[in-house]
Amino acid sequence: MCNAYVFNSLQEFLTLRKFKVMVRPPKAPEVIEVGWRKPLSGWLKVNTNDAALASPRPAGAVGVFKNCFGNVIGYYTLPLGIALAFYEELATIVNAIFFASEKGWSRLWIESDSLYVVSILFGEI
């Protein structure tokens, strides 16, 4: 019997188990419970994210806009080409602001998983 690490998905896990490969998922460095809260009435919330495998790397960005009822009212996707992680995070938020501006949406709650970029935007760094 051989051993393997699982990195990608449940499908990968099930496939390896089918062939009796002992799998050892890597331990998460820290597990943080995350919840989504609706924005106040009259506000929109945009959740942003980027996707890539290494840095620099081919990258893309996405933003999903929801209203106070939790309904999706808009979204954008954007190829970023080859980019560094910092650029990806910053470009994702900047593009969310431009997208909202083009739609005339001025009350915007931006949610990002990049503490570094958020700190820069608030002038803390």
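Conventions adopted
Residues take numbers from 1 onward in each chain, read along the sequence in its written order. Local features in a predicted model are, by the rule used here, given only for residues with pLDDT of at least 70; side-chain atom pairs are given and counted only at 80 or more, and totals for whole chains, interfaces and linings are based on all residues. Side-chain descriptors were evaluated using all non-hydrogen atoms of the structure, hydrogens and water having been removed beforehand. Patch construction takes residues with relative accessible area above 30% that form no salt bridge. Like charges are linked within 9 Å, and nonpolar side chains (Val, Leu, Ile, Met, Phe, Trp, Tyr) are linked within 5 Å. Surface accessibility in these figures is a Shrake-Rupley result with a 1.4 Å probe; residues are shielded only by whichever protein chains are displayed. Salt bridges are defined by distance alone: a side-chain nitrogen of Lys or Arg within 4 Å of a carboxyl oxygen of Asp or Glu. We count a stretch as a helix when DSSP gives it H or I for four or more residues in a row; a strand needs E for two or more, and each element gets its number in order from the N terminus. Relative accessibility thresholds used throughout: buried, under 20% of the residue-type maximum; exposed, over 50%; partly exposed, between the two (1.4 Å probe, protein chains only). In this description, a nonpolar core means a group of buried Ala, Val, Leu, Ile, Met, Phe, Trp, Tyr and Cys residues linked to one another through side-chain atoms lying within 4.5 Å. Contact criterion: two residues are considered in contact whenever any of their non-hydrogen atoms come within 4.5 Å of each other. By the convention used here, strands pair only if DSSP detects at least 2 bridges between them. Multiply 1.5 Å by the residue count of a helix minus one, and that product is the helix's expected span.

Where nonpolar side chains cluster on the molecular surface, the patch consists of F86, Y116 and I125 and spans about 330 Å² of accessible area. Note on placement: I125 falls in the segment after α3 (115-121).

All chains considered together, the criterion is met by one salt bridge. Residue K45 pairs with E111 through a salt bridge whose shortest N-O separation is 3.1 Å. Of this pair, K45 sits in strand β3 (residues 44-51) while E111 sits in strand β6 (residues 108-111), placing them 66 residues apart in sequence. Residue K45 is classed as buried on the basis of its relative accessible area of 1%.

Okay, the nonpolar core next. Counting eight residues, the largest nonpolar core consists of L44, V46, F65, Y76, A96, F99, A100 and L108. Of all elements in the fold, only β3 and α2 (85-103) reach the threshold of two or more residues within this core. In terms of residues, this core owes the most to one element, α2, which gives three residues. Contacts of Y76, omitting those with residues within four sequence positions, involve T48, A61, V62, G63, F65, T92, N95, A96 and F99. Counting residues in each nonpolar core, the second largest holds five residues, with A59, A61, L80 and A83 among its members.

This part covers the pairing of strand β5 (residues 72-83). Pairing of strand β4 (residues 57-66) with β5, which is carried by 10 bridges, proceeds in the antiparallel orientation. When the bridges of β5 are listed, G60 appears paired with P79. The turn linking β4 back onto β5 is made up of five residues, and G70 within it adopts a positive phi angle of 85°.

If you check α2, its first and last C-alpha atoms are 27 Å apart, about what 19 residues at 1.5 Å a residue would give, namely 27 Å. Inspection of α2 places E88, E89, A91, T92, I93, A96, F99 and A100 among the buried residues, and these make up the whole buried set. G104, located one to two residues past α2, shows a positive phi value of around 80°.

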